[in-house]
Amino acid sequence: MIDFANKRNINIKLASIPAPGADWKNVEELWQNILESEQANTESLLALGDCATTCKDHSLTTFLQPYHMEQVNSEDSLSTIVSKVREENRTPGLIRQLDHELGNEAGSHQ
């Protein structure tokens with residue numbers, strides 16, 4: 001994004017980002033927190049997209065499109081993980097299976 005802004009001579013002011021929480025009661029709360037962080041990222045991107053639309057900045061709207069789709073996919077994946085973690089109480093061993101699935105998924109992205 002910074003490269004895009006620089007090419008268009010857009011001034012950027014970077015603000016600090018608060019550190020994520022680190023005191024979770026259980027695994028479900030951890031994954032729920034990660035999902036909520038992604039949802040907050042989505043809201044920020046949507047607000048930026050709304051500004052681009054209002055200003056009729058078609059280049060920025062086009063630039064943001066892949067980020068919007070990435071957020072849709074991230075939220076979908078995280079929602080699935082949260083659901084599986086919730087099921088762990090009813091299906092012991094599911095966390096090991098989830099760990100295996102996530103490991104395979106990470107390996108396929110390399």
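Residues numbered from 1 in each chain as written. Predicted model: local features only at pLDDT ≥ 70, side-chain atom pairs only at ≥ 80, totals over all residues. Heavy atoms only, no water.

Asker: Please provide a residue-by-residue account of the packing of helix H2 (residues 27-54) against helix H3 (residues 58-87), values included.
Answerer: Taken N-terminus to C-terminus, the directions of H2 and H3 make an angle of 160°; their axes are 9 Å apart at the nearest point. Here H3 runs roughly antiparallel to H2, going by the angle between their axes. Regarding H2 and H3, the two cross each other, and that crossing is left-handed. Here the contact of H2 with H3 is built from residues that sort into 15 nonpolar, eleven polar and four charged. (Axes fitted to C-alpha atoms, helices over the stretch in contact; angles between N-to-C directions. Helix = DSSP H or I, 4+ residues; strand = E, 2+ residues; numbered from the N terminus. Parallel < 35°, antiparallel > 145°, perpendicular 65-115°, else oblique. Left-handed = near helix turned anticlockwise from the far one by under 90°. Nonpolar A, V, L, I, M, F, W, Y, C, P; charged D, E, K, R; others polar.)

Asker: Got a sec to walk through the confidence of the model for the protein chain? Specific residues and values, please.
Answerer: On average, the protein chain scores 88 in pLDDT, and the residues at 70 or more come to 97%. Mean pLDDT values over the elements of the protein chain span from 77, in helix H4 (residues 94-108), up to 94, in H2. (pLDDT = per-residue confidence, 0-100.)

Asker: I'd like a description of the layout of surface pockets, backed by residues and values.
Answerer: One number sums up the size of the largest pocket: a volume of about 790 Å³. Lining the largest pocket are 23 residues, with Met1, Leu14, Ile17, Ser44 and Leu48 sitting closest to its centre. Elements with a minimum of two residues in the lining of the largest pocket: helix H1 (2-7), H2 and H3. Sorting elements by how many residues they give to the lining of the largest pocket places H2 first, with six residues. For the lining of the largest pocket, the class distribution of residues is 17 nonpolar, six polar and no charged. (1 Å grid on protein atoms, 1.4 Å probe; cavity = no way out; pocket = protein on both sides within 12 Å on 5 of 7 lines; lining within 4 Å. Points joined across faces, edges and corners; volume = space filled by probe spheres on them.)

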